[in-house]
Amino acid sequence: MFILDRILQKQGFILADGATGTNYFQLGLETGYPPELWSLEKPEHVSGLHQRFIEAGSDVILTNTFGGTSHRLKLHQAEDQVRALNIAAARLARECADNYHAATGREIAVAGSMGPTGELFTPLGMLTHDAAVAAFTEQAEALAEGGVDMLWIETISAFEEVFAALEAAKKTGLPVAATMTFDTAGKSMMGVDPADFAKQISEKGVVAVGANCGIGPAELMHSVTAMHPADGVMRIAKGNCGIPEYVEGKIHYHGTPELMATYAVLARDAGVQIIGGCCGTSPDHIRAMRQALDQATDGDRPAVDAARLESELGKPWKNIPEQSSSTSAASNQRRRRRKS
Ligand SMILES: [Zn+2]
């Protein structure tokens with residue numbers, strides 16, 4: 001039986017982890033420096049954050065490989081280290097998960113993170129399907145070699161890119177999950193609709209599909225509740241810790257542990273199996289989510305509908321610009337966020 005099925009059967013939900021970048025900043029990561037290099041340069045910090053998420057209650061940890069394709073690493077002249085960095089990151093996460101399991105008996109799944117290349121596909125940009133598949137294959141094979149339980153494609157905006165990543169990930173034979181970021185009036189930057197994404201991707205043989213990052217928990221839940229994947233495919237909600245805001249030139253996430261706990265219980269009540277945090281989510285937030293999920297017994301709360309979502313998380317897409325044109329979607333994609 002697949003590890004996520006065992007965890008779900010045992011406790012009724014699966015808690016993923018929180019942010020990588022945001023938490024590394026507190027350990028001294030400089031803005032613009034690629035966090036993936038820390039798997040070789042500062043492995044104690046990479047393992048330390050995994051450890052803190054596991055102790056806070058995460059059942060799944062994502063490897064420090066979000067920007068681990070050659071396209072992202074070449075921006076830092078590290079494209080020749082794709083294999084070494086992905087293997088190293090997978091081994092660090094694997095070791096943390098295995099040590100914890102041996103000490104406590106609680107199983108932890110290791111998911112190999114695969115983020116976007118940062119390139120636009122033809123005809124908007126230069127990236128071809130074959131080149132993208134080749135880059136993702138190099139990463140996926142190294143993650144598999146390092147011992148991950150599954151591959152986890154995340155923060156994607158374009159169908160072409162998720163299809164290429166999925167094709168590469170499936171070549172390893174490992175189970176694959178895929179999430180997109182819906183941050184533009186209910187759609188991804190490149191105009192993908194969440195319901196359409198869930199339908200098309202779940203038909204291609206993934207174990208889980210969902211949404212991550214983007215705006216705040218209200219928008220994330222609006223996107224995830226629109227998804228109706230094929231039978232047997234789990235849904236993932238991995239939302240940012242509140243709405244990101246610029247404060248004194250730095251991105252700040254205003255979400256409290258209480259807000260993230262409310263969001264986690266709502267997600268569970270909505271039938272979402274895998275719940276976690278994205279940018280801004282610390283181990284303290286994950287701990288609050290764990291406590292709330294552990295205490296949330298079935299049947300004593302109202303059904304999850306638009307009214308309950310709005311009363312507990314706020315109105316989605318409030319103060320968010322309406323649908324952007326395809327040209328601004330393309331320029332947004334060029335300026336795209338790093339996972340932080
Ligand atoms: Zn994020």
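Scroll up a little and you will see the structure.
Right, let's walk through the structure included here. (Residues numbered from 1 in each chain as written. Predicted model: local features only at pLDDT ≥ 70, side-chain atom pairs only at ≥ 80, totals over all residues.)

Our next topic: the overall build of the protein chain. Within the protein chain one finds 14 helices and 12 strands. Taken against the 2.2 N^0.38 rule, which gives 20 Å for 340 residues, the C-alpha radius of gyration of the protein chain at 18 Å falls within 12% of a compact globule. The dimensions of the protein chain, computed from C-alpha atoms along their principal axes, are 55 × 50 × 45 Å. A total of 340 residues make up the protein chain; the buried ones form 53% of that total. (Helix = DSSP H or I, 4+ residues; strand = E, 2+ residues; numbered from the N terminus. Rg over C-alpha atoms; globule rule 2.2 N^0.38 Å. Buried ≥ 20, exposed ≤ 12 C-beta atoms within 10 Å, placed from the backbone.)

Another point: the sheet that holds strand β2 (residues 60-62). Across the sheet, which stays open at both edges, the 8 strands sit in the order β1-β12-β9-β8-β5-β4-β3-β2 with parallel pairing between neighbours. Each edge of the open sheet carries a strand with a single partner, namely β1 (14-15) and β2. Across 4 bridges, the pairing between strand β3 (residues 109-114) and strand β4 (residues 150-156) is parallel. Of the residues in β4, the one forming a bridge with glycine 112 is leucine 151. Of the strands in this sheet, β2 and β3 are in contact with helix α6 (residues 82-104), which crosses β3 at around 160°. Along the sheet face, helix α11 (residues 257-269) touches β9 (234-239) and β12 (274-277) and points at about 160° away from the line of β12. (Pairing = 2+ DSSP bridges. Contact = placed C-beta atoms within 7 Å. Axes fitted to C-alpha atoms, helices over the stretch in contact; angles between N-to-C directions.)

Before going further, it helps to examine unusual backbone geometry. The omega torsion of the bond from threonine 122 to proline 123 falls at 5°, within 30 degrees of zero and hence cis. Take proline 123: it is sitting in the loop between β3 and α7 (129-145). A positive phi angle, near 50°, is found at glutamine 77, a position not held by glycine. As for its placement among the helices and strands, glutamine 77 is situated in the loop between α5 (70-73) and α6. By the C-beta count within 10 Å, which is 8 here, glutamine 77 ends up exposed. Here threonine 155, not a glycine, exhibits a phi torsion of approximately 60°, which is positive. Inspection of the secondary structure assignment puts threonine 155 in strand β4. With 25 C-beta atoms counted inside 10 Å, the residue threonine 155 sits in the buried group.

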